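# A structural walkthrough
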Amino acid sequence: EVHIAIIHSDVGSINESDVLLASASNAIVIAFRVSADPLARAMAIQEGVDIREYSIIYEVVEELRAALTGLLSPEVQTRVVGVVEVRETFSSSRAGNIAGCHVQKGKISRDSRVRVQRDGETLHEGGLASLRRFKDDVRELANGTEGGIVIAGFQDYSEGDVLESHRIEETEA
């Protein structure tokens, strides 16, 4: 996803042309066991060019690796938190269709993302509009409990549908 482009390499101290090249390329100057002459240093401040000086090669490698790691986008993983089966459907004038469900594994929370699956195909994915146990609004339904679920933007529930409660987690690459 990310890479380092070496624009120019040379031996000797950093001069004004090195700073101008870095400025035009929107780059940094890496100096290993050398320093910038006073005119180049003043020009770097004026142009906003970063000059980094190192005396140990491992420091250069570690800092570049850290910079590249910070640029990588995090890996996104979907973790299933609960599996719920639709056992019956109800119709309500206020809420529309309601799925009467039984939690088979894990749990389903009010803030969960839910995937509706029928015969192995995903029909819809969205958040919960309502989560109830009997007549009470609840924050979650745990393993083995029953309740009523309304998924935002979805009304076509059918007996036997499987609702997967999942969470999206970002991990470092």
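Here, the structure is the one placed above.
Throughout what follows, the structure given in this document is the object of discussion. Nothing here was measured: the structure is a model prediction, and the numbers come from that model.

Reading the values: the criteria
- Residues numbered from 1 in each chain as written.
- Predicted model: local features only at pLDDT ≥ 70, side-chain atom pairs only at ≥ 80, totals over all residues.
- Heavy atoms only, no water.
- Salt bridge = Lys/Arg side-chain N within 4 Å of Asp/Glu carboxyl O.
- Helix = DSSP H or I, 4+ residues; strand = E, 2+ residues; numbered from the N terminus.
- Buried < 20%, exposed > 50% of the residue type's maximum accessible area, 1.4 Å probe, protein only.
- Polar contact = N/O pair within 3.5 Å; in protein donor to acceptor, adjacent residues only side chain to side chain.
- Contact = heavy atoms within 4.5 Å.
- Core = buried A, V, L, I, M, F, W, Y, C linked by side-chain atoms within 4.5 Å.

So, about the pattern of salt bridges. Tallying each qualifying case throughout the model produces 14 salt bridges. Across the pair Arg 41 and Glu 53 runs a salt bridge whose closest N-O atoms are separated by 2.7 Å. Highlighted residues: Arg 41 in helix α2 (residues 38–47) and Glu 53 in strand β2 (residues 51–54), separated in sequence by twelve residues. Residue class for Arg 41 comes out partly exposed when judged on its relative accessible area of 37%.

The residue Asp 161 is located in the loop between β9 (146–151) and β10 (162–171) in this model. Residue classification places Asp 161 among the buried residues on the basis of a relative accessible area of 1%. Looking at Asp 161, its side chain comes within polar contact range of the main-chain nitrogen of Ser 158, at 3.0 Å. Every residue in contact with Asp 161, bar those within four places of it in the chain, is listed here: Val 84, Glu 85, Val 86, Val 116, Gln 117, Arg 118 and Asp 156.

Another aspect to go through is the nonpolar core. Counting residues in each nonpolar core, the largest one holds 18 residues, and the members touching the most others are Ile 108, Ile 149, Ile 151 and Leu 163. Only β3 (75–92), β4 (96–109), β5 (113–118), β6 (121–133) and β9 provide two or more residues apiece to this core. Ignoring any residue separated from it by four or fewer positions in sequence, one finds Ile 149 in contact with Val 84, Ile 98, Ala 99, Cys 101, Ile 108, Leu 128, Ser 130, Leu 131, Tyr 157 and Leu 163. Of all hydrophobic cores here, the second largest spans ten residues; its members include Ile 14, Ala 22, Ala 40 and Val 49.

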